[in-house]
Amino acid sequence: MEALTLLLCLLLTTFQANTIGSWTTDNWLDFTESFSEPCGGNMTDWRGVLLSPWYPNNYPNNAQCTWTIHSTGNSTVSLIFTDVDLETCCDYIKVYDGPSTLHPLLGEIREYRNQSFKSSNNDLTVFFYSDSSVTRRGFYATWLFVDAGDINTTYTTITPETNSSEPCGGNMTDWRGVLLSPRYPNNYPNNAQCTWTIHSTGNTTVSLIFTDVDLETCCDYIKVYDGPSTLHPFLGEIREYRNQSFKSSNNDLTVFFNSDSSVTRRGFYATWLFVESCGGYMTDWMGDFSSPRYPNNYPDNSYCTWTIHSTGNMTVSLTFTDVVLETCCDYIKVYDGPSTLHPLLGEIREYRNQSFKSSSNDLTVFFYSDSSVTRRGFHANWVFVDVGNINTTYTTITPETNSSEPCGGNMTDWRGVLLSPRYPNNYPNNAQCTWTIHSTGNATVSLIFTDVDLETCCDYIKVYDGPSTLHPLLGEIREYRNQSFKSSSNDLTVFFYSDSSVTRRGFHANWVFVDVGNINTTYTTITPETNSSEPCGGNMTDWRGVLLSPRYPNNYPNDTQCTWTIHSTGNATVSLIFTDVDLETCCDYIKVYDGPSTLHPFLGEIREYRNQSFKSSNNDLTVFFYSDHSVTRRGFYATWLFVESCGGYMTDWIGDFSSPRYPNNYPDNSYCTWTIHSTGNMTVSLTFTDVVLETCCDYIKVYDGPSSHHTLLGEIREYRNQSFKSSNNDLTVFFFSDGSSTKKGFHANWVFVDSNSCRNNCGYSFGSCSCDYSCQYNSNCCSDYNYYCSSTTIWPQPTTEITTESWTTDSNSCRNNCGYSFGSCSCDYSCQYNSNCCYDYNYYCSSTTSWPQPTTEITTESWTTDSNSCRNNCGYSFGSCSCHYSCQYNSNCCSDYNYYCSSTISWPQPTTEITTESWTTDSNSCRNNCGYSFGSCSCHYSCQHNSNCCYDYNYYCSSTTIWPQPAIEHVNCSSDNMVIVIQMSYLNSLGLRGNDLYVDDRLCRPNISSTEVVFRFPLDACGTVKGMMNSYVSYTNNVRASQSQSGTITRQSNFLLRVGCRMEPDTMVQIFYKARENINANITGTGHFGANIAFYTSNSFYQQIYDSPYEVNLNQLLYVQITLNRPDNSLLLFLDTCVASPNPNDFKDRSYDLLRNGCRRDNTYYSYTSGEHYYARFSFQAFKFLRTHTYVYLQCKVIICPSNDYNSRCRQGCRPRRKRSLDSTYHTNTVTLGPIKLKGA
């Protein structure tokens, strides 16, 4: 009956959508097999960027793209790939030395290795191919035209003097760019003397930032000068990287680089940018100015001086309309004259509606900000006033008025500002003011009110379509409703009236002349396709600007289709804010896309104004505007700005990161996420070395996992020497700043830590073991706990000083709780076998809760049906406990094991009847294997604390593998790192110091403490040599000591310590899937070659699934990938056997084979790759086991072989009749995945 029920479920779920995300499997195949988007092209710009289709999203299947880059004259093409992520087996890039693929092949790229190419003539051709299966991120490359024979003439326009045989240096005039040492990132040549001059224009200065510096510190250097040559003031010298930056005081900055005749290094990489200076000399009769970056926060260390100069009989009237400063330290000073040496009129630190008037022709304003907190800054308006005249602002004639102050006037400028009398102070009573705005030619007048505050009952503004109030009335204003008006011809008249009672702030309005029929082609450089008769859209590359609908603020035309692409460069993204939107909501719309075209991810659609803003994830943002053939509206007004991106994904074993602009103030509205990812058995240790935030509102959050959806470890708002450690491979840091005050920010360091080591970790717990004192009762101590922590984390004994109140409220205490169990520990007798005793169990309960003996009153029926009972079950294991003899070491004995089974199934001793062959092939036996670990148990000394000893460990190994004391030197190996530890006492006995030691790469330096010297580095770094020994993979290095050159004699021999790692077999990782319960799944590895296994959303194997448990539908396709923790193309990973079980601890008694000995056993199993790469991939359809829960676990055994061994097991595929045992030279791993759970089950 149960089988029939399952069959019915299978039939029912067949009709369920088999979707992953928003794509069904069939749709995904159809989508990727028909790539029709054009790609490739002919490039003739002297520099540019080359991207794979859809970059940085995955490129499509079946792509075949050809780019030809053509230079002219004596120039060749230099092409550098800065990012490459392809399906290495099948997708590739080919580069040809000429205008087509028929010319010589320069190289083929399948993975990133910092590749660069140079043409021998004017042309370079790039061909990209992808097959019909897996896709990746693709590639990013930059090209540059180089004068023939020149090396690294990036941005070079002249050839300076140099003693090197290669020209370098030059004159730079672009507003931003990159400065590279010769041959960067390869080593620069000897005897280089290069001079670069960076020249800006106008009111801008030069900002230069060095992002990478690697020089021979003794002898090679960079010097920076504040001016157009090395004769100008010296700003600084660089010999090593310390995040250096420089700013010129005027238009020029000069950089000089020198290398001597000996050692060379990678060199340097720097970026420059022209930045706006502040201050100025103003002579217009009216205008406004503001603090730098207003309304964004002004920068630190600002020194700005503005001088406003009038002529004749005019004085200067200055009004501050907005002031937000750091009141303690930043200020504005106003002087009555042409410099700061003249009389001080006043100082401003906050807004109090301040205004100033000069006594003669000049007024000087000085602004200062210190190096700490910044604010929004200020905005001010000035106007020239005739001596003796009061408020003749914008007045050229004297209109009729009943007020004692003249107001109104005739305006003829093509744009300007209209203010009520005394604005922003209250207007006077009895005002009657008339302004006429007159345009000429084909222009009309557009007037927008940006601020209106009137006595609504009695005061008003009226607007007329013509040169007087006798013309048609366009509208009346009594309060602010974002009003705007347009004249039908050249004139617009504004009349303002106030009665004799209450007054208010008044109004502020802007006008601009608009050509009749003119379309907003602002920032438009190309004419896109459009069904409208007017061109619109374009490509924007300025760092900030305005985006307007056609004819704005007039109504846009019908049948408009406009596309704007906003493109930033470098590390900048695009921020777009819509400040005015008025569309026909039913039918007209704006769409915004995250990329350089409308084929990229869709960010949002706009049909009405809701203060919308958008940010690109990379350099490009695309805006598409559509209007139909009927009603039209005013359209839209938007502003864009390039903003620096932040956050990242870090995989280096050691490093640091900081808040944006650190140590300068971070910007407002920052949302930054960093994910630090280790591999194998390593966890992440993170330490904050500096934190200065706005404590009320800005913060840092740290999460224990690969995203902010994982467990929150802590929140930081101020510096308290905080540090965090992950429980697994990932740590995520999120930084937020609001829209107000900013501070210096933060700086943090991370390092990967071996999660199995207690060194410097006493008191902490990891995913696989613990260095906390409780591990002695939980049987999960790390292997070196006794050496490092046993004396420092003594098990606490309750004392009489503990008061009754404090003791009884401790939920982890057994006082008065013997026989009870809590969520985190137990005071019941069973805790001694379940390894979950509370810390004071022995003190309070061990004598009072003796292990119970079954009595005769227990009936046979009740006893035998108890799943936790060993009666009649000796030698068997259950899901929750075991009656097998191994339970004494695995700490999972059933409660009555001692009563029924301890005397009947004593630990077996191997006898002479066991043959050598059968014994040595038993993978669970320690005979001849002392010191080694297997997937299911261990013969290593650490098994006594990890509770995973093989059954015959005591017989063979207990006397030979005594818990070791650290030797004078030892090496620890993982699949990622080599760690060499040498005791300082040993070095002292040889007359050596820690600083004397080095490995084969002298640049890799050790960490030195008072007790030991530790080298820690990746297996493929620091001169480590990789080799093959009898099909084993080995890594070797040497520790040497520098010899003293002082004195006459020495009794010290040459110090040489040879160190190596031989990668041994047996590692296990697992995963599982399950129904709707929150269970944290761990991916663990035991052994030296680390591997992991994970579910993915589709057969692209791009997006990993982190849900635990993974909830699936019956018959749903599940995609699994197994990969080495450290990618290594010299190794192959072959999937040998894959078994499913409902019990994560038992894959023998009740299991189901998907794959056995490389042969498929399940008809839904499909292999994508196995034995071809350092990873294997397969899929199968989800199922459940009958008569049990809906959890399913997978355990897969993989074999790791050298890729150059063509007779290895990895090359043999299915082998149904397997040999008695696998050749010991092959590396095997057992990986487990789960749980999976069926939805609704």
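From a predicted model like this one, the values you see are computed outputs, not experimental measurements.

Rules used throughout
- Residues numbered from 1 in each chain as written.
- Predicted model: local features only at pLDDT ≥ 70, side-chain atom pairs only at ≥ 80, totals over all residues.
- Heavy atoms only, no water.
- Helix = DSSP H or I, 4+ residues; strand = E, 2+ residues; numbered from the N terminus.
- Buried < 20%, exposed > 50% of the residue type's maximum accessible area, 1.4 Å probe, protein only.
- Areas by Shrake-Rupley, 256 points an atom, 1.4 Å probe, with all protein chains shown as cover.
- Disulfide = S-S within 2.5 Å.
- Contact = heavy atoms within 4.5 Å.
- Phe/Tyr/Trp six-rings, centres within 6.5 Å; stacked < 30°, edge-to-face > 60°.
- Lys NZ or Arg CZ within 6 Å of the ring centre and 35° of its normal.
- Pairing = 2+ DSSP bridges.
- Axes fitted to C-alpha atoms, helices over the stretch in contact; angles between N-to-C directions.
- Core = buried A, V, L, I, M, F, W, Y, C linked by side-chain atoms within 4.5 Å.
- Salt bridge = Lys/Arg side-chain N within 4 Å of Asp/Glu carboxyl O.
- Lys, Arg positive; Asp, Glu negative; His and termini not counted.
- Polar contact = N/O pair within 3.5 Å; in protein donor to acceptor, adjacent residues only side chain to side chain.
- Patch = residues over 30% accessible without salt bridge, like charges linked within 9 Å, V, L, I, M, F, W, Y side chains within 5 Å.
- pLDDT = per-residue confidence, 0-100.

Draft legend 1. View of the overall build of the protein. The helix and strand inventory of the protein stands at 14 helices and 75 strands. Within the protein, buried positions represent 48% of all 1241 residues. Counting every atom, the protein has about 58,200 Å² of accessible surface; 47% of that belongs to carbon and sulfur.

Draft legend 2. Structural context of the state of the cysteines. Using the criterion set out here, one finds 16 disulfides in the structure. Each sulfur in the disulfide pair cysteine 218 and cysteine 219 lies 2.3 Å from the other. In this structure the cystine formed by cysteine 218 and cysteine 219 twists about its S-S bond by roughly -95°; its chirality is therefore left-handed. Judged by its relative accessible area of 51%, cysteine 218 is exposed. On the accessibility criterion, cysteine 219 (27% relative accessible area) is partly exposed. Two residues share a disulfide in this structure: cysteine 696 and cysteine 697, whose sulfurs sit 2.3 Å from each other. The chirality of the disulfide connecting cysteine 696 with cysteine 697 is left-handed, given an S-S dihedral of about -95°. Classification of cysteine 696 as exposed rests on a relative accessible area of 52%.

Draft legend 3. Summary view of the environment of valine 324. Checked against the element boundaries, valine 324 lands in strand S24 (residues 314-324). For the pair valine 324 and glycine 377, spaced 53 residues apart in the sequence, the C-alpha separation amounts to 5.0 Å. Residues in contact with valine 324, not counting those within four places in the same chain, are Tyr298, Arg375, Arg376 and Gly377.

Draft legend 4. Structural detail: the packing of aromatic side chains. According to the stated counting rule, one finds 62 aromatic pairs in the structure shown. Judged by centre distance (5.8 Å) and plane angle (50°), the rings of tyrosine 55 and tyrosine 140 are tilted. Of this pair, tyrosine 55 sits in the loop between strand S4 (47-51) and strand S5 (64-70) while tyrosine 140 is found in strand S11 (residues 138-147), placing the two residues 85 residues apart along the sequence. When the ring of tryptophan 196 is compared with that of phenylalanine 268, the centres are 5.7 Å apart and the planes differ by 85°; the resulting orientation is edge-to-face. You can see tryptophan 196 sitting in strand S14 (residues 193-199) and its partner phenylalanine 268 sitting in strand S20 (residues 267-276), a full 72 residues away along the chain. Looking at tryptophan 196, the relative accessible area reads 1%, which means it is buried. Relative accessible area serves as the criterion here: at 0%, phenylalanine 268 is assigned to the buried category. The rings of Phe289, Tyr298, Trp306, Phe320, Phe356, Phe367, Phe378 and Trp382 are connected pair by pair, giving a single aromatic cluster. One residue, lysine 223, lies across the ring of phenylalanine 234, its end atom 5.9 Å from the ring centre.

Draft legend 5. Inspection of the sheet that holds S5 at higher detail. Taking strand neighbours across the sheet as the criterion, the 5 strands line up as S3-S5-S10-S7-S8 in an open arrangement whose pairing is mixed. Only two strands of the sheet have a single neighbouring strand rather than two, namely strand S3 (41-43) and strand S8 (105-109). Across the sheet, the axes of successive neighbouring strands diverge by a mean angle of 15°, strand direction being ignored. Summarising the sheet, strand S7 (residues 92-96) and S8 pair through 4 bridges and their orientation is antiparallel. By the bridge assignment for S8, isoleucine 93 is matched with isoleucine 109.

Draft legend 6. Expanded view of the pairing of strand S51 (residues 682-692). Burial runs high along S51: 8 of the 11 residues are buried. Here S51 pairs with strand S54 (residues 723-725) via 3 bridges, running antiparallel. For threonine 687, the partnering residue across the bridge sits in S54 and is serine 723.

Draft legend 7. Inspection of the sheet that holds strand S19 (residues 252-258) at higher detail. Spatially, the 5 strands line up as an open sheet ordered S12-S14-S19-S16-S17, and their pairing is mixed. Either end of the sheet is taken by a strand with one partner, and the two such strands are strand S12 (170-172) and strand S17 (234-238). Averaged over all pairs of adjacent strands, the angle between their axes in this sheet comes to 15°, without regard to strand direction.

Draft legend 8. Quick look at the nonpolar core. Counting 57 residues, the largest nonpolar core has Val1039, Ile1122, Leu1135, Phe1178 and Phe1180 as the members making the most contacts within it. In terms of nonpolar packing, the next biggest core, distinct from the first, is built from 25 residues, Ala443, Val452, Leu492 and Phe513 among them.

Draft legend 9. Fine view of the side chain of threonine 1123. Looking at the element boundaries, threonine 1123 is found in strand S68 (residues 1117-1124). Given a relative accessible area of 12%, threonine 1123 falls into the buried group. Excluding residues that lie within four positions of it along the chain, threonine 1123 makes contacts with Gly1090, Ala1091, Asn1092, Leu1133, Tyr1174 and Tyr1175.

Draft legend 10. Region of the structure containing the pattern of salt bridges. Following the criterion strictly, the structure yields 26 salt bridges and no others. Here aspartate 214 ties to arginine 266 by a salt bridge, and the two come within 3.6 Å at their closest N and O atoms. Note that aspartate 214 is positioned in strand S15 (residues 204-214) and arginine 266 in the loop between S19 and S20, a separation of 52 residues in sequence. Given a relative accessible area of 30%, arginine 266 falls into the partly exposed group. Between arginine 717 and glutamate 715 there is a salt bridge whose closest N-O contact spans 2.7 Å.

Draft legend 11. Spatial organisation of the side chain of aspartate 588. Mapped onto the secondary structure, aspartate 588 falls in the loop between strand S42 (572-582) and strand S43 (589-593). No salt bridge forms around the buried aspartate 588; measuring N to O, its nearest opposite-charge neighbour arginine 607 is 7.0 Å away. At 2.6 Å, the side chain of aspartate 588 and the side chain of tyrosine 556 are in polar contact. A polar contact of 2.8 Å, which involves the side chain of aspartate 588, links it to the backbone nitrogen of aspartate 628. If we skip the residues at most four places from it in the chain, aspartate 588 touches Tyr556, Leu583, Arg607, Tyr626, Ser627, Asp628 and Val631.

Draft legend 12. Structural context of the environment of phenylalanine 624. By the element assignment, phenylalanine 624 lies in strand S46 (residues 620-626). Residues phenylalanine 624 and glutamine 561 lie 63 residues apart in sequence; the distance between their C-alpha atoms is 7.2 Å. Those residues in contact with phenylalanine 624 that sit more than four places away from it in its chain are Gln561, Cys562, Thr563, Tyr589, Ile590, Lys591, Tyr593 and Thr598.

Draft legend 13. Main features of a nonpolar patch on the surface. A cluster of nonpolar side chains, namely Trp175, Leu273 and Trp543, defines an oily patch on the protein surface of about 260 Å² accessible area. For tryptophan 175, the position within the fold is in the loop between S12 and strand S13 (176-180). Using a relative accessible area of 33% as the deciding quantity, one classes tryptophan 175 as partly exposed.

Draft legend 14. Structural view of the confidence of the model for the protein. Overall, the predicted model of the protein reaches an average pLDDT of 75, with 76% of residues at or above 70. Taken as a whole, residues 850-866 scores under 50 in pLDDT and shows 22 contacts with residues more than four places along the chain or in a different chain. This model gives residues 960-967 a pLDDT under 50, and the stretch forms 17 contacts once residues within four places in sequence are excluded.

Draft legend 15. The environment of cysteine 775, seen in detail. Locating cysteine 775 in the fold gives a position in helix H3 (residues 775-778). Residue classification places cysteine 775 among the buried positions, given a relative accessible area of 1%. Sequence separation between cysteine 775 and glycine 763 is 12 residues, and the spatial gap between their C-alpha atoms is 9.8 Å.

Draft legend 16. Quick look at unusual backbone geometry. Tyrosine 552 connects to proline 553 through a cis peptide bond whose omega is 5°. Looking at the element boundaries, proline 553 is found in the loop between strand S40 (544-548) and strand S41 (561-567). Phi angles above zero are rare outside glycine, and arginine 183 is one such case at about 70°. Relative to the assigned elements, arginine 183 resides in the loop between S13 and S14. The phi torsion at asparagine 1115 lies on the positive side, around 80°, for a residue other than glycine.

Draft legend 17. Layout of the pairing of strand S72 (residues 1166-1169). As paired elements, S72 and strand S73 (residues 1175-1181) share 3 bridges and run antiparallel to each other. For threonine 1169, the partnering residue across the bridge sits in S73 and is arginine 1177.

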